[in-house]
Amino acid sequence: MNRLVDYLNPFARIGKRSYSFVFPFFFTLLVVVVIELVGYVILKDPDRTSIYAIIATIAAIIYCSFRDGLKGGLTATVGTLLYYFHIIYTRSYQGERLESALIMVALLSSINFSVAMVIGWLRQTIDKLIEREINEKQRLEAVIQQIPAGVIIADKEGNIVQSNERFNKIFNNKGRLDIKVGKVTAPNATYKGKPVKPKQWPLAQALFNGRQVLGKEYIFRKKRVNQAIQISAAPIKGRDGNILAAVCIMTDVTAQRELERQKDEFIGIASHELKTPVTSIKAYTQVLKHNFSKSGDKDSVNQLEKMDAQLNKLTDLIGDLLDVTKIESGQIQFNESLFDFDKVVKEQVSQMQLTTQRHTLSLRCNTNAKIYGDSERVGQVLTNLISNAIKYSPHAKKIIIEGKRVKNNVELSVRDFGIGMSKSNSGKVFERFYRISGPNNQTFPGLGLGLYISSEIIKRMGGKIWVESEEGKGSTFFFSLPIKDNNKKKA
Ligand code: ADP
């Protein structure tokens, strides 16, 4: 029964582009036969059915053109026209009556033809549009399914309207879509070690606050195994700027993190193993230097001094590598106390002046500030910034170091007049292992760790570090640290 209703219902066929001649032909024939039967058998006067014949045939044309497009409309129109001639012929019209009947047929035919064309064309256009939309939807669905990341899309009420297999896998979701954004959370997930509230999820942030969230890393504990998932989300806005929906992308970075952990572990072990022999070589160098200077062998002393300087560089490199592994594993030690900032800066600058003959280090630092933290680590940051300033300004003669109070902070700057860097690079130089590539930078040795370690030290002490630079003109590195007095010591 349902199939018959669907077969007859033109609306049930919308979107299916299959049009036939057969149905409209038999349908029009049926309409004509019914009209004739009513005229001859029921009313016994076929002339009385003319007006009903016109209405019924026009209705049949409308129906057929909506059901079968142009094919249906034109079949019904031709059938109707033939029926009109059949009426004129069988009713034996003559003279004026015949003339007006022919004019009537011409008029009705043009109306019927226009109706069939317009409705048929409309129906076919609607079908085409629907088909296009379905194709686009399928294409989008295929793309979403193929993306090698979990994807979910939520409407503006927070209902999940689309998700892919990868998402279901990550969340162990089994295809459920009745998740309400901002109302539910994953109980086994943490962000920076803390559980995540429903409103804190990137998709909720994007949908309700219009915020774009980029690559936040969450830990999902699944069957006693930690899974690292990077999540990004963005709002989808209409032309008027209102949020219509939001999309969220999740990437499983567990394998990547495991590789990084193994690499860090390797660097940690390797640098630790290197440290002992280098310390012994350094001790033996000192002994040899002592012996040669006693015997007055100046050449050997000179060579041993050069060897010692290289060993110092090697020790610094190993120190950097060890620091990085300590930072990554959260084991970096800080010996904190209250110290005189100006004194540490002055000592460090005069030590660094000994390492360069070309550059003059000009110092102005009278902050009279006491800082609470690890003074040696602050010295390490300064050494790093000044040695970079020396290294990356081989043709300049001056480096300006300035310290001042800014509100409740000390702010120290190291300015050089060297190669500088572009804006895009200045945001990245504090990243681990980041080194600027390019013809200007290739000749300078380094591991890309100094600034990363410096920024971690400064952050740990509650401060900030940043750089202002112009390519070819030079760079100024800044850091600021909070000033503490005796009463406000950190616990
Ligand atoms: P590296 O051991 O490579 O010097 P850093 O972490 O100290 O490592 O610095 C990272 C990168 O930042 C360097 O490779 C260099 O390209 C750039 N850089 C650092 N200091 C300066 C500076 N004063 N002028 C220009 N570029 C600099």
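Conventions adopted
Residues numbered from 1 in each chain as written. Predicted model: local features only at pLDDT ≥ 70, side-chain atom pairs only at ≥ 80, totals over all residues. Heavy atoms only, no water. Helix = DSSP H or I, 4+ residues; strand = E, 2+ residues; numbered from the N terminus. Buried < 20%, exposed > 50% of the residue type's maximum accessible area, 1.4 Å probe, protein only. Contact = heavy atoms within 4.5 Å. Lys, Arg positive; Asp, Glu negative; His and termini not counted. Charge placed at Lys NZ, Arg CZ, Asp CG, Glu CD. Near = heavy atom within 4 Å. Polar contact = N/O pair within 3.5 Å; in protein donor to acceptor, adjacent residues only side chain to side chain. Areas by Shrake-Rupley, 256 points an atom, 1.4 Å probe, with all protein chains shown as cover. Pairing = 2+ DSSP bridges. Axes fitted to C-alpha atoms, helices over the stretch in contact; angles between N-to-C directions. Expected span 1.5 Å × (residues − 1). Patch = residues over 30% accessible without salt bridge, like charges linked within 9 Å, V, L, I, M, F, W, Y side chains within 5 Å. Salt bridge = Lys/Arg side-chain N within 4 Å of Asp/Glu carboxyl O. pLDDT = per-residue confidence, 0-100. Phe/Tyr/Trp six-rings, centres within 6.5 Å; stacked < 30°, edge-to-face > 60°. Lys NZ or Arg CZ within 6 Å of the ring centre and 35° of its normal. Core = buried A, V, L, I, M, F, W, Y, C linked by side-chain atoms within 4.5 Å.

Chemist: When you look at the overall build of the protein in this model, what are you seeing that I'm missing?
Modeler: Within the protein, the regular secondary structure consists of 12 helices and 14 strands. For the protein, the spread of C-alpha atoms along the three principal axes comes to 145 × 50 × 50 Å. Evaluated residue by residue, the protein yields a buried proportion of 40% over its 491 residues. Here the analysis covers contacts within the protein between residues at least 6 apart in sequence; of these, 62% occur between residues at least 24 apart. Averaging the positions of the 70 positive and the 47 negative side-chain charges in the protein gives two centres separated by 3 Å.

Chemist: Where do I start with the site of the ligand in this structure?
Modeler: Surrounding the ligand, one finds 20 residues, the nearest of these being Asn-388, Tyr-392, Asp-416, Arg-435 and Leu-451. The separation between an oxygen atom of the ligand and a polar side-chain atom of Asn-388 is 2.8 Å. At 3.2 Å, a side-chain N or O of Ser-475 approaches a nitrogen atom of the ligand. Within the complex, the protein chains bury 97% of what would otherwise be the 530 Å² of accessible surface of the ligand.

Chemist: What am I meant to see in the sheet that holds strand 14 (residues 474-482) here?
Modeler: Strand pairing in a sheet takes place through backbone hydrogen bonds and is either antiparallel or parallel in direction. Spatially, the 5 strands line up as an open sheet ordered 9-11-12-14-13, and their pairing is mixed. Edge positions in the sheet fall to strand 9 (360-365) and strand 13 (464-470), since each has one partner strand and no second. Ignoring which end each strand starts from, the neighbouring axes of this sheet average 15° apart. Here 8 bridges tie strand 11 (residues 398-406) to strand 12 (residues 409-416), and the two strands are oriented antiparallel to one another. In the strand pairing of strand 12, Lys-404 is matched with Glu-411. This element, helix 9 (residues 341-353), spans strand 9, strand 11, strand 12 and strand 14 of the sheet and lies at about 175° to strand 9. Running over the sheet, helix 10 (residues 375-391) touches strand 9, strand 11, strand 12 and strand 14 and is turned about 170° from strand 14.

Chemist: In this structure, what is going on with unusual backbone geometry? I would like to understand it.
Modeler: Across residues other than glycine, the phi torsion is negative in most instances, and most of the peptide bonds are trans. Although it is not a glycine, Lys-192 adopts a positive phi angle of roughly 50°. Examined against the element boundaries, Lys-192 turns out to sit in the loop between strand 3 (189-191) and strand 4 (194-195). Assessed through its relative accessible area of 70%, Lys-192 is described here as exposed. One non-glycine residue, Phe-433, lies in the positive phi region at around 65°. Of note, Phe-433 is situated in the loop between helix 11 (423-426) and helix 12 (450-460).

Chemist: Where do I start with the pairing of strand 5 (residues 213-222) in this structure?
Modeler: As a general feature of sheets, a regular strand has side chains that alternate between the two faces. In this structure, strand 3 lies alongside strand 5, joined through 2 bridges in antiparallel fashion. Within the sheet, the bridge partner assigned to Thr-190 lies in strand 5 and is Ile-219. Strand direction decides the pairing type here: strand 5 and strand 6 (residues 225-237), joined by 8 bridges, are antiparallel. Within strand 6, the position partnered with Arg-221 by the bridge is Asn-226. Taking the residues that link successive antiparallel strands as the turn, the strand 5-strand 6 hairpin has 2 residues, and the phi of Lys-223 there is positive, at about 50°.

Chemist: So what exactly am I meant to see when it comes to the pairing of strand 11 here?
Modeler: Of the strand pairs in this sheet, strand 9 and strand 11 are connected by 6 bridges, and their pairing is parallel. Each bridged residue has a counterpart across the sheet, and for Cys-365 the counterpart in strand 11 is Gly-403. Counting the residues that bridge the hairpin from strand 11 to strand 12 gives 2 residues, and of these Lys-407 lies at a positive phi of roughly 50°.

Chemist: Please explain helix 2 (residues 22-42) as it appears in this structure.
Modeler: Residue pairs spaced three or four apart in an α-helix point in one direction, given the helix's 3.6 residues per turn. Its 21 residues place the ends of helix 2 29 Å apart at the C-alpha level, agreeing with the 30 Å of an ideal helix rising 1.5 Å per residue. For helix 2, the complete set of buried residues consists of Phe-23, Pro-24, Thr-28, Val-31, Val-32, Ile-35, Glu-36 and Gly-39. Of the surrounding secondary structure, the elements contacted by the buried residues of helix 2 are helix 1 (2-8) and helix 3 (50-90). Just downstream of helix 2 lies Lys-44, where phi reads positive at about 60°.

Chemist: Teacher, can you tell me more about the side chain of Thr-77 here?
Modeler: Of note, Thr-77 is situated in helix 3. A relative accessible area of 9% places Thr-77 in the buried class. Of the polar contacts made by the side chain of Thr-77, one reaches the backbone oxygen of Gly-73; its length is 2.6 Å. When near neighbours in sequence (up to four residues on either side) are disregarded, Thr-77 contacts Ile-61, Ser-109, Asn-112, Phe-113 and Ala-116.

Chemist: Please explain a nonpolar patch on the surface as it appears in this structure.
Modeler: On the surface, a cluster of nonpolar side chains totalling about 1,000 Å² of accessible area is made up of Phe-21, Val-22, Phe-25, Phe-26, Leu-29, Val-33, Leu-37, Tyr-40, Val-41 and Ile-42. For Tyr-40, a relative accessible area of 41% translates into the label partly exposed.

Chemist: Honestly, helix 7 (residues 254-294) in this entry has me stumped. Any pointers?
Modeler: Relative to the 60 Å expected for 41 residues at 1.5 Å per residue, helix 7 spans 60 Å between its end C-alpha atoms, a close match to the ideal helical length. Among the residues of helix 7, Asp-264, Ile-267, Gly-268, Ser-271, Val-278, Thr-285 and Lys-289 are the ones counted as buried. Those residues of helix 7 that are buried are in contact with helix 8 (298-329). The first or second residue beyond helix 7 is Gly-296, which carries a positive phi of 75°.

Chemist: Please explain the confidence of the model for the protein as it appears in this structure.
Modeler: If pLDDT is low for a region, its predicted coordinates should not be looked at in detail. Taken as a whole, the protein shows an average pLDDT of 90; of its residues, 97% reach a score of 70 or greater. Counting interchain partners and residues more than four positions distant, the pLDDT-below-50 stretch residues 487-491 has 4 contacts.

Chemist: Would you mind showing me how to read the packing of aromatic side chains here?
Modeler: The description of an aromatic ring pair uses the distance of the two centres, along with the angle that the planes make with each other. Throughout the structure, instances matching the rule amount to 13 aromatic pairs. When the centroid spacing of 5.0 Å and the interplanar angle of 35° are considered together, the rings of Tyr-191 and Tyr-218 count as tilted. Residue Tyr-191 is located in strand 3, and its partner Tyr-218 is located in strand 5; the two are separated by 27 residues in the primary sequence. A connected cluster of aromatic rings, assembled from ring pairs, spans Tyr-7, Phe-23, Phe-27 and Tyr-63. It is Arg-67 that lies over the ring of Phe-23; its NZ or CZ is 3.8 Å from the centre. Sitting over the ring of Phe-334, Arg-377 keeps its end group 5.9 Å from the ring centre.

Chemist: Just to check I follow, could you spell out the nonpolar core for this structure?
Modeler: One recurring pattern in soluble globular proteins is that nonpolar side chains are buried together. Counting residues in hydrophobic clusters, the biggest one holds 45 residues, and the most contacted among them are Phe-341, Ile-386, Ile-401, Leu-412, Phe-479 and Leu-481. Examining the composition of this core, we find that 7 residues originate from one element, helix 10, more than from any other. If we skip the residues at most four places from it in the chain, Phe-341 touches Cys-365, Thr-367, Ala-369, Ile-371, Val-378, Val-410, Leu-412, Phe-479 and Leu-481. Ranked by size, the runner-up nonpolar core spans 23 residues in total, among them Ala-154, Ile-179, Leu-203 and Cys-248.

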